[in-house]
Amino acid sequence: VEPGCFLQGHLPRSSVLLASDGLSLELNGLLNGRSGGDLVPPYSALIPLLEISRSAVYRKRALYKRNKIATTPAAKETVEFKTKTVAGEKNGGTRKVPLQKAPRFYPTEDCKVPLKNRKTVKQTKLRSSITPGTVVILLAGAHRGKRAICLKQLPSGLLLVTGPYKINGVPLRRVDQAYVIATSTKVELPALPAIGDEIFKRKGKPTKNEKEMFVDSAGDSGYKISAEKIALQKEVDAAVVPAVKAVDMLQSYLRSRFTLTKGQYPHEMQF
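The rules behind these values
Residues numbered from 1 in each chain as written. Predicted model: local features only at pLDDT ≥ 70, side-chain atom pairs only at ≥ 80, totals over all residues. Heavy atoms only, no water. Helix = DSSP H or I, 4+ residues; strand = E, 2+ residues; numbered from the N terminus. Buried < 20%, exposed > 50% of the residue type's maximum accessible area, 1.4 Å probe, protein only. Contact = heavy atoms within 4.5 Å. Areas by Shrake-Rupley, 256 points an atom, 1.4 Å probe, with all protein chains shown as cover. Expected span 1.5 Å × (residues − 1). Bend = angle between axes of the 7 residues up to and from the residue.

Asks: Can you lay out the overall build of the protein chain for me, pointing to particular residues and giving the numbers?
Replies: Broken down by element type, the protein chain carries five helices and nine strands. In the protein chain, which comprises 271 residues, the proportion classed as buried is 24%. Within the protein chain, counting contacts between residues at least 6 apart in sequence, those at least 24 apart form 57% of the total. As displayed, the protein chain has an accessible area near 22,100 Å², and 54% of this comes from carbon and sulfur atoms.

Below you can see the structure in the form of structure tokens.
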């Protein structure tokens, strides 16, 4: 709005109202007490009235003290019984039958009912710097400090990485993307076998009976790699190792460990 529009007659003088602090102010006759067709004050005089914010008006008019009247939707009537005709003169003719039968047996203890939850599990968003074939640095776990190749993102949101095992001893593992540093080095991966989260699920320990309860089974404790996982690791290494050897110095780069010395800060480095 130009300041001159008030003087050129673009704005009606008989119906100019401004709302500020809950008050309505008519602008006719504001200048020198004139009335009728007098001039409206210049635009610069109206700026203090127009600059007040919505939150300031809310606070000054004490709108927070007003009772909010919420209209609740009308509840739908649910039908729980249906009327059924019954033959026989002494049976009354009709009978109310429940639509959903009650269970015959009740649990002896109260069962916990889960709360209603509308949240749906979404796929974890992957960082833009991590793609299949990216060389990452592991920051936690038994292989921390080693470099590995990211194969893909699993349905659980974790990263599937491998050394390969034949080069630096890192097997197929699941790693959270928060515990890796993505580098700019990438490898063109060939077609790999289908691998899911189920390959990493361990079998539960069998329960002992009364005879085996006092038998010392210390020698049987420990995790043993299944033959299926060993065969899968060999199949992945056979596909990834030739791709690594095709790049100069990449094999020795994957074998080297990531270390920091005094005065080196990872957030200032470019990987």
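Picking up where we left off.
Asks: Help me get a handle on helix α4 (residues 227-245), residues and values and all.
Replies: Side chains that are three or four residues apart share a direction in an α-helix, a result of its 3.6 residues per turn. With 19 residues, α4 ought to run about 27 Å at 1.5 Å a step, and its terminal C-alpha atoms sit 27 Å apart, in line with that. Where α4 bends most, the angle comes to about 25°, and this point is Ala-238, followed within four residues by the proline Pro-242. For α4, the full list of buried residues reads Lys-229, Leu-232, Gln-233, Val-236, Asp-237, Ala-239, Val-240, Val-241, Ala-243 and Val-244. The secondary structure elements touched by the buried residues of α4 are β6 (147-153), β7 (159-162), α3 (165-168) and α5 (250-255).

Asks: So, unusual backbone geometry: which residues are in play, and what are the values?
Replies: Cis peptide bonds are those with omega within 30 degrees of zero, and the linkage from Gly-163 to Pro-164 qualifies with 0°. As for its position among the elements, Pro-164 is in the loop between β7 and α3. With phi around 65°, Met-249 is a residue other than glycine that occupies positive phi space. Tracing the backbone shows Met-249 in the loop between α4 and α5.

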